[in-house]
Amino acid sequence: MMNNQFSLKGKVAIVTGALGLIGKQHCIALNEAGAHLIVADLNEKDCIEFAKTRLEYSMGHYLDVTKKESIEELLKDVLVNYRKIDVLVNNAAINDMFEDPKAGAEQSKFENYPVELWQKSLEVNLTGVFLCSQIIGRHMAEQGKGSIINVSSTYGISAPNQNLYKDPDGIQSFYKPPAYPVTKAGVIMLSKYMAAYWGQSGIRVNTLTPGGVKNGQNDFFVENYSRKTPLGRMAEPEDYKGALVFLASDASAYMTGANLVVDGGWGCW
């Protein structure tokens, strides 16, 4: 039986980027712990379907984290339906995908990286967290409590090892571009800022920093990554469920401004 410190029974939680690989697992984890979930992402139809078929006492909702009016509309609808918000998981993010794989090796080089992609990542990965936290956190401050969890990445605390992206012949077919690591590092400091700013308002703000998740990558990449991880494997999407519930629940009641790293030991080496 779950210790009641970890229970989220009756709590209301919003997950942004909820249709992503680990976003869905975040929703399932919080719902299994008892929370009502607001599944928020760009595809409203899929959000509604996921909430209806996979979760209990939950709802799906359209959300564009880069648009203030979209976040305000989400907040209004959640308060109409649930009257409060206890947990916000800022999970929405983009990771560079190059339309032409042949051009990817050159375009992903730091020297050639397009400023448009840099700006788009800043807008979604960092400004999106800022806006959602500002608008929804304001309500949490008014109600005197809340938990905000910002999702970073192992690349937010260590620079990408570009050797991971060499193919078996030693050819550098792709470089991990700068925008994702830089924005994810920014998420960590933004969390610390908000934790210090809102501590006296009863809001806890922490960062969850996941390691690499297995998601159909080339075998050589999975093998390279796994060799550099003490546990000898990449994460499964379900591997972060316990950490998320911990940060959302009273089990972490005296924890704010922290960065909970769950990376299979990647940072040890």
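Just so it is clear, the structure is predicted and the values come from calculations on it, not from any experiment.

Student: Sorry, what's going on with the environment of Val129 here?
Tutor: Tracing the chain through its elements places Val129 in helix H5 (residues 115–143). Each C-alpha atom, one on Val129 and one on Val187, is 7.5 Å from the other, the two residues being 58 residues apart in sequence. Here Val129 is in contact with Asn90, Val124, Asn150, Val187 and Leu190, once residues within four sequence places are set aside.

Student: Would you explain unusual backbone geometry in this entry?
Tutor: Excluding glycine, residues mostly carry a negative phi; peptide bonds, for their part, are mostly trans. The phi dihedral of Tyr57 falls on the positive side, at around 55 degrees, and the residue is not glycine. Tracing the backbone through its elements, the reader meets Tyr57 in the loop between helix H2 (44–54) and strand E3 (59–62). At Arg83, a residue that is not glycine, the phi angle is positive and equals roughly 70 degrees. When you line up the elements, Arg83 lands in the loop between helix H3 (68–82) and strand E4 (87–90).

Student: How should I be thinking about the pattern of salt bridges in this particular structure?
Tutor: Pairing between side chains of opposite charge can happen when the charged atoms of each approach one another. Scanning the model with the defined rule gives 7 salt bridges in all. With a closest N to O distance of 3.3 Å, Asp86 and Lys84 form a salt bridge. Of the residues examined, Asp86 reaches a relative accessible area of 6% and is grouped as buried. For Lys84, a relative accessible area of 26% gives the class partly exposed. A salt bridge links Lys120 to Glu123; its shortest N-O distance comes to 3.9 Å. Within this pair, Lys120 and its partner Glu123 are both found in helix H5, separated by 3 residues, close to a single helical turn.

Student: I tried to follow the nonpolar core on my own but got confused; where do I start?
Tutor: What tends to happen in soluble globular proteins is that the nonpolar side chains get buried as a cluster. Ranked by internal contacts, the top residues of the largest apolar core, which has 31 residues, are Cys27, Leu30, Leu37, Val39, Val89 and Ile149. Put simply, the parts of the chain that give this core at least two residues each are strand E1 (12–16), helix H1 (21–32), strand E2 (36–41), H2, E4, strand E5 (146–151) and helix H8 (241–248). Membership of the second largest hydrophobic core comes to 30 residues, among which are Val78, Ile85, Leu88 and Val205.

Student: Please explain H5 as it appears in this structure.
Tutor: Because each turn of an α-helix spans 3.6 residues, side chains separated by three or four positions in sequence point in the same direction. Over its 29 residues, H5 extends 40 Å from the first C-alpha to the last, a length consistent with the 42 Å expected when each residue adds 1.5 Å. The largest bend in H5 is about 40 degrees, located at Thr127. Gly144 sits one or two residues past H5 and shows a positive phi near 85 degrees.

Student: Is there a simple way to explain the environment of Val182 in this structure?
Tutor: Along the chain, Val182 falls in helix H6 (residues 179–198). Separated by 57 residues in the primary sequence, Val182 and Asn125 have C-alpha atoms spaced 9.6 Å apart.

Student: Looking at this structure, I do not really get the pairing of strand E6 (residues 203–210). What am I missing?
Tutor: In the case of a regular strand, side chains alternate between the two sheet surfaces. Taken across its 8 residues, E6 has 8 buried, putting it largely inside the fold. The two faces of E6 match: Ile203, Val205, Thr207 and Thr209 on one face and Arg204, Asn206, Leu208 and Pro210 on the other face are all buried. With 6 bridges connecting them, E5 and E6 associate as parallel partners. Note that in E6 the partner of Gly146 across the bridge is Ile203. In terms of handedness, the path from E5 via H6 over to E6 forms a crossover that is right-handed. When E6 meets strand E7 (residues 259–262), the two strands line up parallel, connected through 4 bridges. Looking at E7, one finds that Pro210 is bridged to Val262.

Student: Just to check I follow, could you spell out the side chain of His139 for this structure?
Tutor: With respect to the helices and strands, the residue His139 is situated in helix H5. Residue class for His139 comes out buried when judged on its relative accessible area of 15%. If we skip the residues at most four places from it in the chain, His139 touches Leu75, Leu79, Lys84 and Ile85.

Rules used in this analysis
- Residue numbers here run from 1 along each chain, matching the order of that chain's written sequence.
- Reporting of local features is limited, given that this is a predicted model, to residues whose pLDDT is at least 70; pairs of side-chain atoms are given and counted only at 80 or more, and all residues count toward the totals for whole chains, interfaces and linings.
- Note that the side-chain values use all heavy atoms of the structure and ignore hydrogens as well as water.
- We count a stretch as a helix when DSSP gives it H or I for four or more residues in a row; a strand needs E for two or more, and each element gets its number in order from the N terminus.
- Between two residues, a contact is recorded if the distance between any of their heavy atoms is within 4.5 Å.
- Should a side-chain nitrogen of Lys or Arg be within 4 Å of a carboxyl oxygen of Asp or Glu, the pair is scored as a salt bridge.
- The buried label applies to any residue whose accessible area, calculated with a 1.4 Å probe on protein chains only, is under 20% of its type's maximum; exposed applies above 50%, and partly exposed to all values in between.
- Think of a nonpolar core as a cluster: buried Ala, Val, Leu, Ile, Met, Phe, Trp, Tyr and Cys residues, connected wherever their side-chain atoms sit within 4.5 Å.
- What a helix is expected to span follows from its residue count: subtract one and scale by 1.5 Å.
- Note that bend, as reported per residue, equals the angle between axes fitted to the 7 residues terminating at that residue and the 7 residues originating from it.
- Should DSSP find at least two bridges between two strands, the strands are regarded as paired.
- A clockwise course of the path from the first strand over the helix to the second, judged with the strands pointing away from the viewer, identifies a crossover as right-handed.

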